[in-house]
Amino acid sequence: AQSVTQLGSHVSVSEGALVLLRCNYSSSVPPYLFWYVQYPNQGLQLLLKYTSAATLVKGINGFEAEFKKSETSFHLTKPSAHMSDAAEYFCAVSGEGAQKLVFGQGTRLTINP
Amino acid sequence: SQTIHQWPATLVQPVGSPLSLECTVEGTSNPNLYWYRQAAGRGLQLLFYSVGIGQISSEVPQNLSASRPQDRQFILSSKKLLLSDSGFYLCAWSNRPNYEQYFGPGTRLTVT
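Let us look at the structure shown here. What you see is a predicted model; the values in this text were computed from it and never measured. (Residues numbered from 1 in each chain as written. Chains lettered and ligands numbered in written order. Predicted model: local features only at pLDDT ≥ 70, side-chain atom pairs only at ≥ 80, totals over all residues. Heavy atoms only, no water.)

Secondary structure assignment for chain B yields zero helices and 11 strands. Taken against the 2.2 N^0.38 rule, which gives 13 Å for 112 residues, the C-alpha radius of gyration of chain B at 13 Å falls within 12% of a compact globule. Each of the three principal axes of chain B carries a C-alpha extent, and together these read 35 × 25 × 20 Å. By the burial criterion, 48% of the 112 residues in chain B qualify as buried. Long-range pairs, those at least 24 residues apart, make up 55% of the contacts in chain B between residues at least 6 apart in sequence. A total of about 5,100 Å² of accessible surface is found on chain B, and carbon and sulfur atoms cover 52% of it. With 8 positive and 6 negative side-chain charges, chain B shows a spacing of 7 Å between the two charge centroids. (Helix = DSSP H or I, 4+ residues; strand = E, 2+ residues; numbered from the N terminus. Rg over C-alpha atoms; globule rule 2.2 N^0.38 Å. Buried < 20%, exposed > 50% of the residue type's maximum accessible area, 1.4 Å probe, protein only. Contact = heavy atoms within 4.5 Å. Areas by Shrake-Rupley, 256 points an atom, 1.4 Å probe, with all protein chains shown as cover. Lys, Arg positive; Asp, Glu negative; His and termini not counted. Charge placed at Lys NZ, Arg CZ, Asp CG, Glu CD.)

Attention shifts here to the interface of chain B and chain A. If you look at the interface, chain B gives 22 residues, while chain A gives 22 residues. Taken together, the two surfaces of chain B and chain A that pack against each other cover about 1,700 Å², and 53% of this comes from carbon and sulfur. Viewed at the interface, chain A and chain B are joined by two salt bridges. Between Glu-100 of chain B and Lys-49 of chain A there is a salt bridge, with the nearest N and O atoms lying 2.6 Å from each other. Where chain B packs against chain A, one counts four residue pairs in polar contact (both at pLDDT 80 or more). (Buried area = accessible area lost by both parts, 1.4 Å probe. Salt bridge = Lys/Arg side-chain N within 4 Å of Asp/Glu carboxyl O. Polar contact = N/O pair within 3.5 Å; in protein donor to acceptor, adjacent residues only side chain to side chain.)

Take the state of the cysteines next. All names here are of chain B. Following the criterion strictly, the structure yields two disulfides over all chains and no others. For Cys-23, the disulfide goes to Cys-91, at an S-S distance of 2.0 Å. Measuring the twist about the S-S bond at about -75°, one finds the Cys-23-Cys-91 disulfide to be left-handed. Here Cys-23 is found in strand E3 (residues 19-26), whereas its partner Cys-91 is found in strand E9 (residues 87-94), with 68 residues between them in sequence. Like Cys-23, the residue Cys-91 is buried in the burial classification. (Disulfide = S-S within 2.5 Å.)

Glancing now at the packing of aromatic side chains. For the structure shown, the criterion picks out 14 aromatic pairs over all chains. On the numbers, 4.2 Å between centres and 15° between planes, the contact of Tyr-50 of chain A with Phe-67 of chain A is stacked. A residue pair is termed long-range when its members are at least 10 positions apart, and Tyr-50 of chain A in strand E5 (residues 44-50) and Phe-67 of chain A in strand E7 (residues 64-68) qualify at 17 residues. Of the two residues examined, Tyr-50 of chain A and Phe-67 of chain A, each falls in the buried class. Among the aromatic residues, those joined into a ring-pair cluster are Tyr-36 and Phe-103 of chain A together with Tyr-34, Tyr-36, Tyr-49 and Phe-103 of chain B. (Phe/Tyr/Trp six-rings, centres within 6.5 Å; stacked < 30°, edge-to-face > 60°.)

Attention now goes to the sheet that holds strand E7 (residues 65-70) of chain B. Residue and element names in this part refer to chain B. A sheet is described by the order of its strands in space; here four strands give the open sequence E1-E3-E8-E7, paired in antiparallel fashion. The sheet terminates laterally at strand E1 (3-7) and E7, the two strands that pair on one side only. When the angles between neighbouring strand axes are averaged without regard to direction, this sheet yields 20°. Looking at chain direction, E1 and E3 are connected through five bridges and run antiparallel. Each bridged residue has a counterpart across the sheet, and for Ile-4 the counterpart in E3 is Val-25. (Pairing = 2+ DSSP bridges. Axes fitted to C-alpha atoms, helices over the stretch in contact; angles between N-to-C directions.)

Just distances and angles here, no functional claims.
Shown next, in the form of structure tokens:
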């Protein structure tokens, strides 16, 4: 069985500062990991995914995430925050044999001018 | 390319009324289909998923049901809505059950 923990339901950073959103997972099989972004009143949009290839994954909008097996983590980062990054971010895990993704509770990112 | 549609976009219904939300996917065949709900200020709750026509798996026992009458059509229904059914309903599809899912624009349901 898989599970996801997103540390911090709310994160606030200044415009231009580093964005770091934390995700830890638990999985009994080699995991597939995903980050999604949700803007108000919209569906979720895939930011990036890890499916057992390179451990450093680059996504859209300048985001990237690094898979660290020893730490069971898949943290999302962006070097310089932009006002348009303000949104809800979800981490999700799956794996071979799983029928569905398991989502974290989400982290709301606020960007201060 | 693949697209996913949901309708209606918004819906206001009285308690005790029926519900039907529709989701359709274009540009792919035999997708896995999912219904999620987001209550205000909360995360995603998986309600149902389907790996084929007529095959529905329920994740949470509740006032809702789902059907898949066609390969790329997924319907969420209720016979009598409760106040607690209010929320943002999202449909998603995937080519493989353990791979990334692609979400529709959602339906905002308010039960009054």
